[in-house]
Amino acid sequence: MDVKMHSYHVPDLHEVADVLQKGLANDFAEISAAVVSCPDLTKEPFHLAAEGLGGSPRICDVGGVPYLVPLYNPAKKYNFQEIANLAGVPDGFFVGAAAGPFHVVGSNSELMPNIRCGTSRRNETHYAKITESGGHLMEKVPQDSSDFGLMSNLFLSEGQPGSVLHLSLKRRIGKDNLTAAIRKVLLEAFGPEKPVGLGGVFLIKKGKAKLHIMPDFSTVPLKSDDDVDQWLRYFEFPAPLICLSVMSSCDPGWDLRIDHTHCFSTHGVGGHYHYDTTPEEVEYECFFNVAEKLVRIDQPKETHNIGRD
Ligand SMILES: [Zn+2]
């Protein structure tokens, strides 16, 4: 498989905290940004497959939307262990957003990767799909499945405890969603020559959020953002939502998905995060680390900008 390795600009976490503390003032009414010792993320309320986000932090961008639209490519099946090996972290811990393993689940789905690979393998990955009756469900993938399809945007680390960026944000006063707000602040601070990659987990503690779940694959070609929008199923789901997220401040020609977040919960709902629908009420709590490398795997040869929201 084609693998390209790029280097992010890696600012000190304290510098990132300072930049976000000041820069998010137009987006949230209450902001606390600090560097803290990572709590054990395997515990409530996060339910991750590893304790922390430290050790060889990387973002892996695998495949891409061109393998989904206009029509899906059934040959595009991937495996987290294989991606961990290719990225040089064979015992790596992944969180992020992916398309589900259609060959395992039996249809297209949203995947919430949450898996530790290698000798201490632990799989807490969930998926969400549209059922045959038109409803939705979210549950864990089969324990032995380490697969996904078509595309993924993953934060990879050794899952070690250590220093992380902690953000506590209340009452959204800006128009951007959480990830767009953070990206814009980082781009403003570090500029287009210094791409900064961030990933980890955030909790929507209060309020509701607009999420989508992809239905089964379209049999008619999806040729525009409007076509994709008509095809997707949208929902408003209540907190608490555990959101697995990666983002980059800019794309210096790496063909990136600039941000991507999938959410799961302990109350049976999950999907692809768009934005909270309750700005007055919303509270976010985030634990992030900065990535040192971007690993671009199986980049589509022909690309487009449809369906990247
Ligand atoms: Zn998604």
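Basis of the calculations
- Residues numbered from 1 in each chain as written.
- Predicted model: local features only at pLDDT ≥ 70, side-chain atom pairs only at ≥ 80, totals over all residues.
- Heavy atoms only, no water.
- Helix = DSSP H or I, 4+ residues; strand = E, 2+ residues; numbered from the N terminus.
- Contact = heavy atoms within 4.5 Å.
- Polar contact = N/O pair within 3.5 Å; in protein donor to acceptor, adjacent residues only side chain to side chain.
- Disulfide = S-S within 2.5 Å.
- Buried < 20%, exposed > 50% of the residue type's maximum accessible area, 1.4 Å probe, protein only.
- UniProt positions renumbered as here; feature names shortened; annotations may be inferred.
- Donors = N, O, S within 2.8 Å, 3.2 Å for Na, K, Ca; no water.
- Phe/Tyr/Trp six-rings, centres within 6.5 Å; stacked < 30°, edge-to-face > 60°.
- Lys NZ or Arg CZ within 6 Å of the ring centre and 35° of its normal.

### With respect to the environment of H212
Consideration 1: Tracing the backbone shows H212 in strand β14 (residues 208-213).
Consideration 2: The sequence separation of H212 and H272 amounts to 60 residues, and the corresponding C-alpha distance is 5.1 Å.
Consideration 3: Ignoring sequence-local partners within four residues, the contact set of H212 consists of E110, L232, R233, Y234, G271, H272 and H274.
Consideration 4: Of note is the side chain of H212, whose polar atom sits 2.8 Å from the side chain of H274.

### Some words on the state of the cysteines
Consideration 1: If you walk through the whole model with that rule in mind, you get 0 disulfides.
Consideration 2: For the unlinked cysteine C250, the closest cysteine sulfur is that of C60, found at 18 Å.
Consideration 3: Under the relative-accessibility criterion, C250 is labelled buried at 10%.
Consideration 4: Its sulfur unpaired, C286 is 8.9 Å from the next cysteine sulfur, which belongs to C243.

### Thoughts on the UniProt feature "domain: DUF1907" (unreviewed entry) in the protein
Consideration 1: Residues given the UniProt feature "domain: DUF1907" (unreviewed entry) here are residues 19-297.
Consideration 2: Helix and strand shares over residues 19-297 are 13% and 43% respectively, and the end C-alpha atoms of the span are 31 Å apart.

### Here we look at the coordination of the zinc ion
Consideration 1: The protein atoms that coordinate the zinc ion are H260 (NE2), H262 (NE2) and H272 (ND1), at distances spanning 2.0 to 2.1 Å.
Consideration 2: The sequence pattern describing where the donors of the zinc ion fall on their chain is H-x1-H-x9-H. You can see H260 sitting in strand β17 (residues 259-264) and its partner H272 sitting in strand β18 (residues 271-276), a full 12 residues away along the chain.

### Details of the packing of aromatic side chains
Consideration 1: Scanning the entire structure with this criterion turns up 12 aromatic pairs.
Consideration 2: Where F202 meets Y284, the ring centres are 5.7 Å apart and the plane angle is 65°; that geometry is what we call edge-to-face. With F202 in strand β13 (residues 197-206) and Y284 in strand β19 (residues 283-290), this pair connects stretches of sequence that are 82 residues apart.
Consideration 3: Here the aromatic residues F28, F202, Y273 and Y284 are joined through ring pairs into a cluster of three or more.
Consideration 4: Here K76 stacks its cationic end above the ring of Y67, 4.6 Å away from the centre of that ring.
Consideration 5: Against the face of Y234 rests K210, its NZ or CZ located 4.5 Å from the ring centre.

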